[in-house]
Amino acid sequence: DMEVLTELAECHTSAGNTEEAFGWWVMLSTMQPENLYFQIAQAKLLYREKAYEECIGICRGITARDTIPEIIAMTGDAYRFIGKADSALVCYDRFLAIKPYHAKTISKKADILLASKRYDPVIEMTRDHLEKAPDDMTILPIYGLALHLKECYPLSIETFEHQRELGDDSYAVYYYLG
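Here the structure is a predicted model, which means the values were calculated and not measured. (Residues numbered from 1 in each chain as written. Predicted model: local features only at pLDDT ≥ 70, side-chain atom pairs only at ≥ 80, totals over all residues. Heavy atoms only, no water.)

Enquirer: Hey, could you go over the packing of helix H1 (residues 2–15) against helix H3 (residues 36–48) for me, with residue numbers and the actual values?
Expert: Axis angle and axis distance: for two packed helices, these are the angle between their axes and the distance between the axes, and together they describe the pair. Two elements in contact, H1 and H3, have axes separated by 12 Å at closest approach and are oriented at 15°. As summarised for this structure, H1 and H3 are arranged roughly parallel, according to the angle between their axes. Remark: the crossing between H1 and H3 carries left-handed chirality. Mapping the contact onto sequence places Met 2, Thr 6, Glu 10 and Thr 13 in H1 and Tyr 37, Phe 38, Leu 45 and Arg 48 in H3. (Axes fitted to C-alpha atoms, helices over the stretch in contact; angles between N-to-C directions. Helix = DSSP H or I, 4+ residues; strand = E, 2+ residues; numbered from the N terminus. Parallel < 35°, antiparallel > 145°, perpendicular 65-115°, else oblique. Left-handed = near helix turned anticlockwise from the far one by under 90°. Contact = heavy atoms within 4.5 Å.)

Enquirer: I'd like to hear about helix H8 (residues 119–132), residue by residue, with values.
Expert: For H8, spanning 14 residues, the distance from its first C-alpha to its last is 20 Å, which sits close to the expected 20 Å at 1.5 Å a residue. Every buried residue of H8 is accounted for by Tyr 119, Val 122, Ile 123, Met 125, Thr 126, His 129 and Leu 130. In this fold, the buried residues of H8 make contact with helix H6 (85–98), helix H7 (103–115) and helix H9 (139–149). (Expected span 1.5 Å × (residues − 1). Buried < 20%, exposed > 50% of the residue type's maximum accessible area, 1.4 Å probe, protein only.)

And the structure:
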């Protein structure tokens, strides 16, 4: 009975019995290869175990059939963890096309772009977000940092002052304010 086998796989997953759980999910996926739930469970388990290459393979199969934003984001994260920044950016762009104001994904994309000194796309992306949510404490520091790194100091200072006014008294705010 598929329902009993699924419950067994879920129990092993919840209990942290990774090898047992993975075996059950593989079996279930083999029995019903079109069942996305089984494939998603497998991908999540692989991600949790940091088996990123395998996770990417399963996620790509899932996203070839269905656009599930969380799976697209997980694929991007897996690519990032194995050092494939360009592939991660493709995934993050695909995710942001569906959820354009998702601060966590904007932050991850910005991290990759800032590491490669691509300040203009970070400034544009964070500015667009801040037009919708001007007090977003996830995006404000990224915007301020990108401006600072591009040597747009007056606007950078204005951004960090705004953060301070919002109650952020972190070391980073005072560091960039001078």
